[in-house]
Amino acid sequence: MKTSNPVLSRLGRAAERERTAGYNPAGPYGPAAGQPGYGQPYPSAPGYPASPPAVQPMTIDDVVVKTVTLLGITGVSAVAAWNLIPDSLLGPSLIGAAVVGLVIGLVVSFSRMANPALVVAYAVIEGAFVGLVSKFYQEIAGFQGIVLQAVVATFGVFFLMAFLYRAKVIRATPKFQRGMIAVMAGLFAVILINFVLSLFGFSTGLRDNGALGIGFSLICIVVASLSFILSFNEVEEGVRMGLPQRYSWTAAFGILVSLIWLYLEILRLLSFLQGDD
């Protein structure tokens, strides 16, 4: 089965190189002559037990377990950073975590191989970043209760998008996928440029409390919410394609990235709204 999703196409090619024999009957690859399929018992000589399959295909349950695991790691890291890093080191720690997390995230995103260790490292670093950002807003900036509000709103949006995807209200059509990838790349470039300019004292107003800042935050929240549709589609197609089980870490990574992005944007928007009170 073909897919228009470039991430899945890349993973599919990587998975193909990993296959030692056969295919997943639900996937797009036909079996080699005389070879067993993915997950099927291997032939054995009489009197000897059948060999286990070379590679187990990933399932939706695998992705759910990995996602929950990564969320747990992120949460523990966030709490640890909040409580262990002193306020005097908050700024340097934030910048360091942001840069390291960005580098690891890009490596995972563009890598052709699933790397569970890198994905877990990303969860640890981004957890520290999220914890420090949350501490800044609630403890230093004084927006009481903002963290809990942002967490509730983030998971509320996540489950809403899961329902809309399941009900086929929003479909991950090829056109939708291409448009989302283009918009996300554009937003990423704008945010990165804005961040670099801010380091040199230039303000574009995109991340300030004003009409422009609020509007940009709303756009980011909408795009981050819709990115879950891409993630859900990647999981479904990955299972259908018969990707190896360890690629469930890559799928869970995509969901985690969207959750963190959405949380940070909601946190920023709530600070704007509370600041107007």
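Residues numbered from 1 in each chain as written. Predicted model: local features only at pLDDT ≥ 70, side-chain atom pairs only at ≥ 80, totals over all residues. Heavy atoms only, no water.

The chain is annotated in an unreviewed UniProt entry as YccA/Bax inhibitor family protein from Actinoplanes auranticolor.

When the pLDDT values of the chain are averaged, the result is 83; 79% of them are 70 or greater. Taken together, the stretch residues 1-6 has pLDDT below 50 and engages in 14 contacts with residues farther than four places along the chain or on a different chain. Residue range residues 20-45 is modelled with pLDDT below 50. Its contacts to residues more than four positions away, or to other chains, number 53 contacts. (pLDDT = per-residue confidence, 0-100. Contact = heavy atoms within 4.5 Å.)

Mapped onto the fold, Leu118 is located in helix H4 (residues 116-140). On the basis of relative accessibility, which here comes to 26%, the residue Leu118 falls in the partly exposed class. Leu118 sits 13 residues away from Gly105 along the chain, and the two C-alpha atoms are 8.5 Å apart. Each residue touching Leu118, except ones within four places of it in the same chain, is listed here: Ile104, Val107 and Val108. (Helix = DSSP H or I, 4+ residues; strand = E, 2+ residues; numbered from the N terminus. Buried < 20%, exposed > 50% of the residue type's maximum accessible area, 1.4 Å probe, protein only.)

Right, let's talk about the pattern of salt bridges for a bit. One pass over the structure, following the stated rule, counts three salt bridges. Between Glu265 and Arg207 there is a salt bridge, and its shortest N-O distance comes to 2.6 Å. Pair noted here: Glu265 is in helix H8 (residues 248-275) and Arg207 is in the loop between helix H6 (174-199) and helix H7 (211-241), with a separation of 58 residues, a long-range link. Taken as a pair, Glu265 and Arg207 share a single burial class, namely buried. (Salt bridge = Lys/Arg side-chain N within 4 Å of Asp/Glu carboxyl O.)

Right, let's talk about the packing of H7 against H8 for a bit. The contact between H7 and H8 brings their axes to 9 Å, and the two run at 160°. When the axis of H7 is compared with that of H8, the two are roughly antiparallel. Once H7 is placed against H8, the crossing between them reads as left-handed. For the contact of H7 with H8, a count of residues per class yields 16 nonpolar, seven polar and two charged. (Axes fitted to C-alpha atoms, helices over the stretch in contact; angles between N-to-C directions. Parallel < 35°, antiparallel > 145°, perpendicular 65-115°, else oblique. Left-handed = near helix turned anticlockwise from the far one by under 90°. Nonpolar A, V, L, I, M, F, W, Y, C, P; charged D, E, K, R; others polar.)

With that settled, the discussion passes to the packing of helix H5 (residues 146-166) against H8. Across the interface, H5 lies against H8 with an axial gap of 9 Å and an inter-helix angle of 130°. It follows that H5 is oblique to H8 by the angle criterion. H8 is crossed by H5, and the crossing has right-handed handedness. Mapping the contact onto sequence places Ile146, Val147, Gln149, Ala150, Val151, Ala153, Thr154, Val157 and Phe158 in H5 and Ile255, Leu259, Leu262, Tyr263, Ile266, Leu267, Leu270, Ser271 and Gln274 in H8.

Further remarks concern H6. With 26 residues, H6 extends 38 Å between its outermost C-alpha atoms, agreeing within 8% with the 38 Å of an ideal straight helix rising 1.5 Å per residue. Taken residue by residue, H6 has Phe176, Gln177, Met180, Leu187 and Asn194 as its buried positions. If you follow the buried residues of H6, they end up packed against H7 and H8. Positive phi shows up at Gly201, right after H6, with a value of about 85°. (Expected span 1.5 Å × (residues − 1).)

Right, let's talk about the packing of aromatic side chains for a bit. Here a ring pair, both rings aromatic, is described through the centre-centre distance and the interplanar angle of the planes. For the structure shown, the criterion picks out eight aromatic pairs. Where Phe158 meets Phe232, the ring centres are 5.7 Å apart and the plane angle is 65°; that geometry is what we call edge-to-face. Here Phe158 is found in helix H5, whereas its partner Phe232 is found in helix H7, with 74 residues between them in sequence. As far as burial versus exposure is concerned, Phe158 and Phe232 are alike and both buried. An aromatic cluster of three or more residues is present, and its members are Phe158, Phe159, Tyr165, Phe228 and Phe232. (Phe/Tyr/Trp six-rings, centres within 6.5 Å; stacked < 30°, edge-to-face > 60°.)

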